[in-house]
Amino acid sequence: MVNVTYDASGDLNWYDPDTGLTSVYNLGDIAWVLASTALVWIMIPGVGFFYSGLLRRKNALSMIWASMMCLAVVSFQWFFWGFSLAFSDGADRYIGDLRYFALKGVLEKPSIGSTRIPSIAFCVFQLMFAAITPMLAIGAFAERSRLGPVMVFVFIWSTIVYDPIACWTWNSNGWSFVLGGLDFAGGTPVHISSGSAALAISIYMGKRRGYGTERLAYKPNNTSYVVLGTVFLWFGWFGFNGGSALSANLRAVQACIVTNLAASVGGLTWMLWDYRLERKWSAVGFCSGAIAGLVAITPGSGFVGSPAAVLFGFMAGTVCNFATQLKFYFGYDDCLDIFASHAIGGVVGNILTGLFAQASVAGFDAITVIPGGWLDHNYVQLGYQLADSVSGMSYSFVMTTVILWIMHFIPYLRLRGSEEAEILGIDDAEMGEFAYDYVGIDLAADHDFHDDTHSHGDIPATSGGREPQHVHSVRENASSDGSVEKKHAVPA
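### Details of unusual backbone geometry
Even without being a glycine, Glu143 presents a positive backbone phi close to 75°. Along the chain, Glu143 turns up in the loop between α3 (119-137) and α4 (147-170). Judged by relative accessible area, Glu143 falls into the buried class, the value being 1%. We note that Asp337 has phi near 55°; this positive angle belongs to a residue other than glycine. As for its position among the elements, Asp337 is in the loop between α11 (326-330) and α12 (338-356).

### A short note on the packing of helix α8 (residues 250-278) against helix α10 (residues 306-323)
Axis separation between α8 and α10 bottoms out at 7 Å; the angle between their running directions is 35°. Seen from above, α8 lies across α10 with right-handed handedness. Counted together, Gln254, Ile257, Val258, Leu261, Ala262, Val265, Gly266, Thr269, Trp270, Trp273, Asp274 and Arg276 of α8 and Ser306, Ala309, Val310, Phe312, Gly313, Phe314, Gly317, Thr318, Cys320, Asn321 and Phe322 of α10 form the full contact between these two elements. Residue composition of the contact of α8 with α10, grouped by class: 13 nonpolar, 8 polar and 2 charged.

### With respect to the sheet that holds strand β1 (residues 4-6)
Spatial strand order, β1-β2-β3: 3 strands in an open sheet with antiparallel pairing. Here the strands that pair on one side only, and so sit at the sheet edges, are β1 and β3 (22-25). Within the sheet, the average angular offset between the axes of one strand and its neighbour, ignoring direction, is 30°. Both strand β2 (residues 12-15) and β3 contribute to a ladder of 4 bridges, which runs antiparallel.

### Brief notes about the environment of Leu85
In this fold, Leu85 is placed in helix α2 (residues 60-87). By relative accessible area, which is 10% here, Leu85 ends up buried. When the C-alpha atoms of Leu85 and Tyr162 are compared, they prove to be 9.8 Å apart, with 77 residues separating the residues in sequence. Look past the residues within four positions of Leu85 in its chain and what remains in contact with it is Ile95, Gly96, Asp97, Leu98, Thr159, Asp163 and Cys167.

### Topic: the pairing of β2
Inspection of the sheet shows β1 paired to β2 by 3 bridges, in the antiparallel sense. Bridging from a neighbouring strand, Thr5 pairs with Asn13 of β2. Taken together, β1 and the strand that follows it, β2, pair antiparallel across an intervening segment of 5 residues, in which Gly10 is found at a positive phi of about 90°.

### Description of the pairing of β3
A one-sided burial pattern is seen for β3, the buried positions being Ser23 and Tyr25 and the unburied ones Thr22 and Val24. Following β2, the chain reverses through 6 residues before pairing antiparallel with β3; Gly20 in that reversal takes a positive phi of roughly 80°.

### So, the packing of α3 against helix α6 (residues 187-205)
Following both chains from N to C, one finds α3 and α6 inclined at 30°, their axes separated by 7 Å at the closest point. As judged from the angle between their axes, α3 and α6 are roughly parallel. Once α3 is placed against α6, the crossing between them reads as right-handed. Between α3, through Phe129, Ile132, Thr133, Leu136 and Ala137, and α6, the contact on the second element is made entirely by Pro189, Val190, His191, Ser193, Ser194, Ala197, Ala198 and Ile201.

### Some details on α6
Across its 19 residues, α6 extends 26 Å between first and last C-alpha, which sits within 8% of the 27 Å expected from 1.5 Å per residue. Among the 19 residues in α6, 18 count as buried, and that is most of the element. Backbone geometry just after α6 places Gly206 at a positive phi near 80°.

### Points about the packing of aromatic side chains
This structure, assessed with the given rule, holds 30 aromatic pairs. Ring geometry for Tyr275 against Trp281: centres 4.0 Å apart, planes inclined by 20°, an arrangement best described as stacked. Judged by its relative accessible area of 25%, Tyr275 falls in the partly exposed class. Here a set of aromatic residues connected by ring pairs shows up, and it is made of Phe76, Phe79, Phe80, Trp81, Phe101 and Phe155.

### Side note on the side chain of Ser84
You can see Ser84 is positioned in helix α2. For Ser84, a relative accessible area of 0% translates into the label buried. Separated by 2.6 Å, the side chain of Ser84 and the backbone oxygen of Asp97 make a polar contact. Once residues lying within four places of it in the same chain are set aside, the contact partners of Ser84 are Gly96, Asp97, Leu98, Arg99, Tyr100 and Phe101.

### Notes on the nonpolar core
Residues Tyr51, Trp78, Ile138, Phe141, Phe153, Tyr162 and Phe240 are the most contacted members of the largest nonpolar core, which totals 115 residues. Top contributing element to this core by residue count: α3, with 13 residues. Those residues in contact with Tyr51 that lie beyond four places of it in its chain are Met63, Met135, Leu136, Gly139, Leu336, Ile338 and His342. By size, the runner-up hydrophobic cluster in this structure holds 5 residues, among which are Phe49, Ala60, Ile64 and Tyr436.

### A few points about the pattern of salt bridges
Following the criterion strictly, the structure yields 8 salt bridges and no others. For Arg208, the salt bridge is made with Glu143, and the minimal N-O distance between the two is 2.7 Å. Of the two residues, Arg208 is situated in the loop between α6 and α7 (223-242) and Glu143 in the loop between α3 and α4; the sequence distance between them amounts to 65 residues. Each member of the pair, Arg208 as well as Glu143, carries the same accessibility label: buried. Between Lys327 and Asp337 there is a salt bridge, with its nearest N and O atoms 2.6 Å apart.

### Focus: the confidence of the model for the protein
With 89% of its residues at a pLDDT of 70 or more, the protein shows a mean pLDDT of 90. Segment residues 439-476: pLDDT under 50, and 83 contacts once partners within four positions in sequence are set aside and those in other chains are kept. Note on residues 484-492: pLDDT is under 50 here. Beyond four places in sequence and across chains, it has 27 contacts.

Criteria and cut-off values
- Residues numbered from 1 in each chain as written.
- Predicted model: local features only at pLDDT ≥ 70, side-chain atom pairs only at ≥ 80, totals over all residues.
- Heavy atoms only, no water.
- Helix = DSSP H or I, 4+ residues; strand = E, 2+ residues; numbered from the N terminus.
- Buried < 20%, exposed > 50% of the residue type's maximum accessible area, 1.4 Å probe, protein only.
- Axes fitted to C-alpha atoms, helices over the stretch in contact; angles between N-to-C directions.
- Left-handed = near helix turned anticlockwise from the far one by under 90°.
- Contact = heavy atoms within 4.5 Å.
- Nonpolar A, V, L, I, M, F, W, Y, C, P; charged D, E, K, R; others polar.
- Pairing = 2+ DSSP bridges.
- Parallel < 35°, antiparallel > 145°, perpendicular 65-115°, else oblique.
- Expected span 1.5 Å × (residues − 1).
- Phe/Tyr/Trp six-rings, centres within 6.5 Å; stacked < 30°, edge-to-face > 60°.
- Polar contact = N/O pair within 3.5 Å; in protein donor to acceptor, adjacent residues only side chain to side chain.
- Core = buried A, V, L, I, M, F, W, Y, C linked by side-chain atoms within 4.5 Å.
- Salt bridge = Lys/Arg side-chain N within 4 Å of Asp/Glu carboxyl O.
- pLDDT = per-residue confidence, 0-100.

Take a look at the structure:
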């Protein structure tokens, strides 16, 4: 039986018979962490919808599927050994041991993150971070990957890449934590690691069919999904950053304020940069900028004031916007710009945290004591932030590449799909299902596949764009008297 009681104030007390000490857990803090867990959970399908909307219609469902698959695989991995590898009390500077294998002993004891909540609450909250990180990365598999091996990749990557980076960043024994690196909610473990992994995946997978031609100059198949995914992400980010305070206190409120502000400024900045080229107010541009702002503010959300959040949003919206051009200069096919948004955005956030972190803001929880950043004349902090950023980026990139090439030579685990699957679409080839209840309109008896998309008789293949081409076809039918009747078909 768990040895817990309630005191006169209603707080939950746990008595440790080994030490004779009593741990006091605040129910409000537990409630906030559990609510934040649910908020971060909704971000995972949010990534799926965001990615789905940006792709071509024939590949849209695979990303929504991937988001739920990723949640399920990492949930098992986290139970099996992930939590122990990341947050074991017996961890060294790089990775934990298996003390909490299968969550053994993870229940009523104080968590390594905060003594105000039990370890089981901290465990389920951190699970959501572990689950969303590989989902961000595997968007780089879009439109050209086999889905079965992706599940294996997610389990291995979470174990070899995410868990060590989370350990050295957030575990009190980790080298970056001991050094003094500041990362409130996952600039390096979540964003830099996933963005760097996406770059490695993009290079390994190679270019999609038709790369460099008009065939891939398509518009998002469903801008509404892009907006919906952004709504889920922005909404959930209040728990992502605010919940990382692990307590319902002023620091959590401050984290929510700067999170919303950075996202707003980031969205406006990216949209304005795009407006200078197209003279159009792009919803996709605004959503991309909002997410870049959210990424950048993540490491500093518990350390910086509101004025600094404006700069976080502006710099993220600007730097990440221009970073989307890197794929053209270096010739890799990152179709969802994951490296530009997450890896570059995470580095921007880490650097700005080193500049604008304030001891007074961190102390809003009346517990945390830090020397601050450049604003507090602690100039070495920028070096710590750069060391953490470069370490996370290089480790994730190299280890992801190693994982991909090992799987490449194992039967049935090669990740690149066939050319036929790419032409047909991953949804149909790998799933036999579609994101929508329509895929194309058959206007002729013959139905051939000549290119990336369907072609119907004399009607040319549609592009990968948002809507099929609006064309007229003429079909001849023999009437009962032997004459030829011409019928016109006009797809809507």
